[in-house]
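Residue-level listing of the chains:
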Amino acid sequence: LGTALLHLGESAQALPLLREAESLAARRHGAGSGDTLSIRVDAATAIDAATSPGEAERELREILALADASGSETAVAQASVALMSVLEAQARIDE
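The notes below deal with the structure included here.

Rules behind the numbers
- Residues numbered from 1 in each chain as written.
- Predicted model: local features only at pLDDT ≥ 70, side-chain atom pairs only at ≥ 80, totals over all residues.
- Heavy atoms only, no water.
- Core = buried A, V, L, I, M, F, W, Y, C linked by side-chain atoms within 4.5 Å.
- Buried < 20%, exposed > 50% of the residue type's maximum accessible area, 1.4 Å probe, protein only.
- Helix = DSSP H or I, 4+ residues; strand = E, 2+ residues; numbered from the N terminus.
- Contact = heavy atoms within 4.5 Å.
- Expected span 1.5 Å × (residues − 1).
- Arc of directions from axis to C-beta.
- Salt bridge = Lys/Arg side-chain N within 4 Å of Asp/Glu carboxyl O.

1. Examining the nonpolar core
Link 1 in the chain: Counting 21 residues, the largest nonpolar core has Leu18, Val41, Leu60 and Ile63 as the members making the most contacts within it.
Link 2 in the chain: Residue assignment for this core shows that the elements contributing at least two residues are helix H1 (2-7), helix H2 (11-29), helix H3 (34-50), helix H4 (53-70) and helix H5 (73-89).
Link 3 in the chain: Excluding its chain neighbours within four sequence positions, the residues that come into contact with Val41 are Leu60, Ile63, Gln78, Ala79 and Ala82.

The structure is reproduced here in structure tokens:
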């Protein structure tokens, strides 16, 4: 539901649901699992739209490092695309 709300542009409503899903996924699969990291990417995207791009950038860079360390190529790709979007919105795409 959180991801659906996020894609409908309802970031503020999506964020608490995504944080709850992240917590559940971490307990079930581990904090570094691809599933958990994918949920974190969605939550970071909601943070960007709901509050501040700086917070989203920090979260996405952390997720990217964890995904890279865990070998989750899907989570690396998702975090990279989301980070590029955040940087693009700030006219910082060259970073």
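Back to the text.
2. A word on H2
Link 1 in the chain: The end-to-end C-alpha distance of H2 is 25 Å, a good match for the 27 Å that 19 residues give at a rise of 1.5 Å each.
Link 2 in the chain: Looking only at H2, the buried set comprises Ser11, Ala14, Leu15, Leu18, Glu22 and Ala25. Down the axis of H2, the smallest arc covering the buried residues is 100°, so these residues share one side. Of the exposed residues in H2, the ones pointing more than 90 degrees away from its buried face are Arg27 and Arg28.
Link 3 in the chain: Just downstream of H2 lies Gly30, where phi reads positive at about 100°.

3. Description of the environment of Thr3
Link 1 in the chain: Tracing the chain through its elements places Thr3 in helix H1.
Link 2 in the chain: With 18 residues separating them along the chain, Thr3 and Ala21 place their C-alpha atoms 9.9 Å apart.
Link 3 in the chain: Ignoring sequence-local partners within four residues, the contact set of Thr3 consists of Leu18 and Asp42.

4. Some details on the pattern of salt bridges
Link 1 in the chain: A full pass over the atoms with the stated rule returns seven salt bridges.
Link 2 in the chain: Two residues, Arg61 and Glu57, come together in a salt bridge whose shortest N-O distance is 3.0 Å. Of this pair, Arg61 and Glu57 are both found in helix H4, four residues apart, which corresponds to roughly one turn of the helix.
Link 3 in the chain: Using a relative accessible area of 36% as the deciding quantity, one classes Arg61 as partly exposed.
Link 4 in the chain: Through salt bridges with shared partners, a single ionic network connects Arg19, Glu22, Arg40, Glu59 and Glu62.

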